[in-house]
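In case you want the letters, here they are:
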Amino acid sequence: MADKKYSEAIRDVLAEEMRRDPRIFVMGEDVAEMGGVFGCTRGLLQEFGPRRVRNTPISEAAIVGAGVGAALAGMRPIVELMYMDFAFIAMDQILNQAAKIRYIYGGKAAVPLVIRGQQGVGRGNAATHSQSVETFFMHIPGVMVAMPSTPRDAAGLLRTAIRGSDPVVFIEHKALYATSGDVPSDSDFALPFGLAEIRREGKDVTLVATSFMVPRALAAAGKLAQEGIEIEVVDPRTLVPLDEEAILRSVKKTGRALVLHEAHRTCGVGAEIASLIQERAFRWLKGPVRRLGARQCPLPFNLALENAVIPQENDVVAAVQETCRDG
Amino acid sequence: MIEVVRLMRIYESMLTIRAFEERAKRLFERAVVRGSVHLYIGEEAVAATVCSLLREDDYITSTHRGHGHCIAKGADLGRTLAELMGRESGYCRGRAGSMHIADVTRGNLGANAIVGGGIPIATGAALATSLKGTDQVVVSFFGDGAANQGVFHESLNLAALWKLPVVYVCENNGFAISVPLTQSTSVADIAVRAGSYGIPGATVDGNDVFAVNDAALEAITRARAGAGPSLIECRTYRWEGHWAGDPQVYRTREEVRAWKEKCPIKRLRAYLVDHAGRSSEELDLLAKRVEQMIDDAERFASQSPEPDPASVMDDVFSR
């Protein structure tokens, strides 16, 4: 075990995997000398050289498209998008191309491409640099989606993404990069996709939370415990595939459920999870499944305004209390 | 110059594409082929000539008008037609259809129904061969419409910057669906756009096998030698509408007739008879043989089973 920052955990896995497999290379904006705007590729240029650690022009569609083509031709590209908001510029290549190729080619081609980048609030980056965009990738079939909330998960899931044969949208969070935690030192440490983690056990309410909302959920859980409310925090870790059984198991135990994410509430992942729960665990429910997500406006710059849009710890506490009053 | 053996291969490839497309059109009109079919009739010289210069391990990316590229790169006619008919024995098990057909084992990375969608993919495949240190090259076929997509410009810049072994072949057939070049494109010659990226660009008569060959040979040789990408604009014309069934209100019968006079197959045939010592009888016999191959392909495709609906969730992911 080693205590690492989330960004270091990512950097170390990239380096370890590049040492292991010469087909892996990294490309993106400012990933070489600068080591990425968030430092996740720091030192890779020095170790692996400019052929395998490639600065690119600001051409997201071409960068992702080149990743698709290189993957089809036998390489294992890792493309960094500086902000996940920029994925919209490359959406054709992600969702029309990468996501569909294996299927529409009748299983006769593979696109082992990792597209990684960060999203969310935390730096006052405002409307086009703070969004949470996972829903788009979960909706269209063909890309896997990971959203690690701890350094350990970032390491384990990234390794699985890199070693797999499918396109993966690997969504990091800018406010998590500086957080620290234990990461196994084993250079084969990998976590399977589709396996949720119970972050905290509890008997009263199931709280499904993703990414940066996981620490917020845990903080709220601490407060609620003082009132005698024990919440169970389920972190799906990957959205595609989604560990439906873990969510359902927890709900069947607690009988109450709340889904929390930073992305907009409307058509968010919470809507899908809430629907899953009512379809498959209705008889166990003591009341309605609630959702907490960003309000339906663009993310404002001002901090007080931003906080008013994104669920805060107090909002989580209040929503859990309301959920407990049902039934 | 092109040696006669290769000229005959190009000629056979063009005849095959023409016969395949005519058959595809009939099958579409009889609703045996569903969806949409974009025919390559009139443009055969480009795919046949460029692909005659490629090795089996070279890559291409293709377009919605992609049957010609597929056949010229060596695809089996039966499995190609079976894919158009949505059969399990098709190249993509009936999942792709006309607009997405691929044959990755022969280096065809796929038709692409998003205009320009294949251009960055070709660029990435060239990055792969460059990183692997092989001398494989990549040809990206696309139309004049795609030259106005952002990814065209982004990809040319990237390939020029990284000296990638890719040849961008623009099949300028004069129309982006119904919109003529003069209404869609800021320059008269698309090839001049190569200048913005510091790479060679050439505009050639796309119905002239020799002109296409000269430009493609130079570009492919350059790419294989590691000297970087090129852009070739092949001026040609599609005889059919954008898709089979297009009412074609945007052009006159006279214009189409004039281009039919410039038929690339007729032109090469005249050359073969006049300058390469081939007899009309021999060439007629070849045409008959091609027609038989198309009959065989149709028989194979028609007799192939439809995919099992129970298999519809196969291959979304690897596991």
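Computed from a prediction, not measured in an experiment: that's the story for all the values here.

A. Here's a closer look at the overall build of chain B. Helix and strand content of chain B: 11 helices and 7 strands. In summary, chain B has a C-alpha radius of gyration of 19 Å against a globular reference of 20 Å for 319 residues, a match within 12%. The principal-axis extent of the C-alpha atoms belonging to chain B is close to 60 × 50 × 40 Å. When the 319 residues of chain B are sorted by exposure, 56% land in the buried category. Within chain B, counting contacts between residues at least 6 apart in sequence, those at least 24 apart form 74% of the total.

B. Summary view of helix H11 (residues 280-303) of chain B. Residues and elements named next belong to chain B. A rise of 1.5 Å per residue sets the reference length of H11, with its 24 residues, at 34 Å; its end C-alpha atoms lie 35 Å apart and thus fit the reference within 8%. What H11 keeps buried is the set Val290, Ile294, Ala297, Glu298 and Ala301. Its buried side turned inward, H11 meets helix H1 (4-29) and helix H4 (77-84).

C. Local environment of the environment of Leu260 of chain A. All names here are of chain A. Its place among the elements puts Leu260 in strand E13 (residues 257-264). With 24 C-beta atoms counted inside 10 Å, the residue Leu260 sits in the buried group. As for Leu260 and Gly120, which are separated by 140 residues in sequence, their C-alpha atoms are 14 Å apart. Those residues in contact with Leu260 that lie beyond four places of it in its chain are Leu207, Val208, Ala209, Met213, Ala217, Leu292, Pro311 and Val316.

D. Region of interest: unusual backbone geometry. For the bond from Val240 of chain A to Pro241 of chain A, the omega torsion is -5°, close enough to zero to count as cis. Mapped onto the elements of the fold, Pro241 of chain A is located in the loop between strand E12 (238-240) and helix H8 (244-254). Despite not being glycine, Ala31 of chain B has its phi angle at roughly 65°, a positive value. Residue placement: Ala31 of chain B occurs in the loop between H1 and helix H2 (44-52). You can call Ala31 of chain B exposed: it has 7 C-beta atoms within 10 Å. A positive phi angle is found at Arg93 of chain B, which is not glycine, with a value near 55°. Along the chain, Arg93 of chain B falls in the loop between H4 and helix H5 (118-132). Given 23 C-beta atoms within 10 Å, Arg93 of chain B falls into the buried group.

E. Structural context of the nonpolar core. Grouped together as the largest cluster of nonpolar side chains are 204 residues, with contacts concentrated most on Ala125 and Val167 of chain B. When residues of this core are sorted by domain, at least three fall in each of domain 1 (2-183) and domain 2 (197-325) of chain A. Apart from residues lying up to four places away in sequence, Ala125 of chain B is in contact with Gly69, Ala70, Leu72 and Ala73 of chain A together with Tyr59, Leu109 and Val138 of chain B.

F. Spatial organisation of the domain arrangement of chain A. Residue and element names in this part refer to chain A. When the domains of chain A are assigned, the result is domain 1 (2-183) and domain 2 (197-325). Facing the 24 residues of domain 1 at the interface are 21 residues of domain 2. At the level of secondary structure, the elements contributing two or more residues to the side of domain 1 that touches domain 2 comprise helix H5 (134-139), strand E6 (144-146), helix H6 (151-163) and strand E7 (168-173). Class assignment for the residues of the side of domain 1 that touches domain 2 results in 14 nonpolar, 8 polar and 2 charged.

G. Geometry of the packing of H1 of chain B against H2 of chain B. All names here are of chain B. Running from N to C, H1 and H2 cross one another at 140°; their axes reach a closest spacing of 9 Å. Our classification of the angle between H1 and H2 gives oblique. Considering the relative orientation of H1 and H2, their crossing is right-handed. Along its contact with H1, which presents Arg6, Arg9, Ile10, Ser13, Met14, Ile17 and Arg18, the element H2 presents Glu44, Ala45, Ala47, Ala48, Thr49 and Ser52. Taken together, the residues of the contact of H1 with H2 sort by class into 6 nonpolar, 3 polar and 4 charged.

H. Layout of the interface of chain A and chain B. If you look at the interface, chain A gives 33 residues, while chain B gives 33 residues. When contributions to the side of chain A that touches chain B are tallied by element, the ones reaching two or more residues are helix H3 (60-72) and helix H4 (91-104) of chain A. Broken down by element, the side of chain A that touches chain B gets its largest block of residues, 9 residues, from H3 of chain A. For the side of chain A that touches chain B, a count of residues per class yields 16 nonpolar, 12 polar and 5 charged.

I. Region of the structure containing the confidence of the model for chain B. Across chain B, the average pLDDT comes to 97, with 100% of residues at or above 70. Across the predicted assembly, pTM comes out at 0.97 and ipTM at 0.96.

J. Quick look at the sheet that holds E13 of chain A. Residues and elements named next belong to chain A. Taken in spatial order, the 5 strands of this open sheet run E9-E11-E10-E13-E14, and their pairing is mixed. With partners counted over all chains shown, the strands left at the sheet margins are strand E9 (197-200) and strand E14 (290-294), one partner each. Taken over all neighbouring pairs, the strand axes of this sheet differ in orientation by 25° on average, direction set aside. For E9 and strand E11 (residues 231-235), the ladder comprises 3 bridges, and the chain directions are antiparallel. From the neighbouring strand, Ile198 faces E11, where its bridge partner is Val234. Most of the contacts of helix H7 (residues 213-226) go to E11, to which it runs at about 170°, and overall it touches E9, strand E10 (205-209), E11 and E13.

K. A look at the environment of Gly287 of chain A. All names here are of chain A. Residue position: Gly287 is located in the loop between helix H9 (269-281) and E14. When the 15 C-beta atoms within 10 Å are taken as the criterion, Gly287 is described as partly exposed. Sequence separation between Gly287 and Glu313 is 26 residues; the distance between their C-alpha atoms is 22 Å.

Definitions and limits used
- Residues numbered from 1 in each chain as written.
- Chains lettered and ligands numbered in written order.
- Predicted model: local features only at pLDDT ≥ 70, side-chain atom pairs only at ≥ 80, totals over all residues.
- Helix = DSSP H or I, 4+ residues; strand = E, 2+ residues; numbered from the N terminus.
- Rg over C-alpha atoms; globule rule 2.2 N^0.38 Å.
- Buried ≥ 20, exposed ≤ 12 C-beta atoms within 10 Å, placed from the backbone.
- Contact = placed C-beta atoms within 7 Å.
- Expected span 1.5 Å × (residues − 1).
- Core = buried A, V, L, I, M, F, W, Y, C linked by C-beta atoms within 7 Å.
- Domains from an automatic or database assignment.
- Nonpolar A, V, L, I, M, F, W, Y, C, P; charged D, E, K, R; others polar.
- Axes fitted to C-alpha atoms, helices over the stretch in contact; angles between N-to-C directions.
- Parallel < 35°, antiparallel > 145°, perpendicular 65-115°, else oblique.
- Left-handed = near helix turned anticlockwise from the far one by under 90°.
- pLDDT = per-residue confidence, 0-100.
- Pairing = 2+ DSSP bridges.

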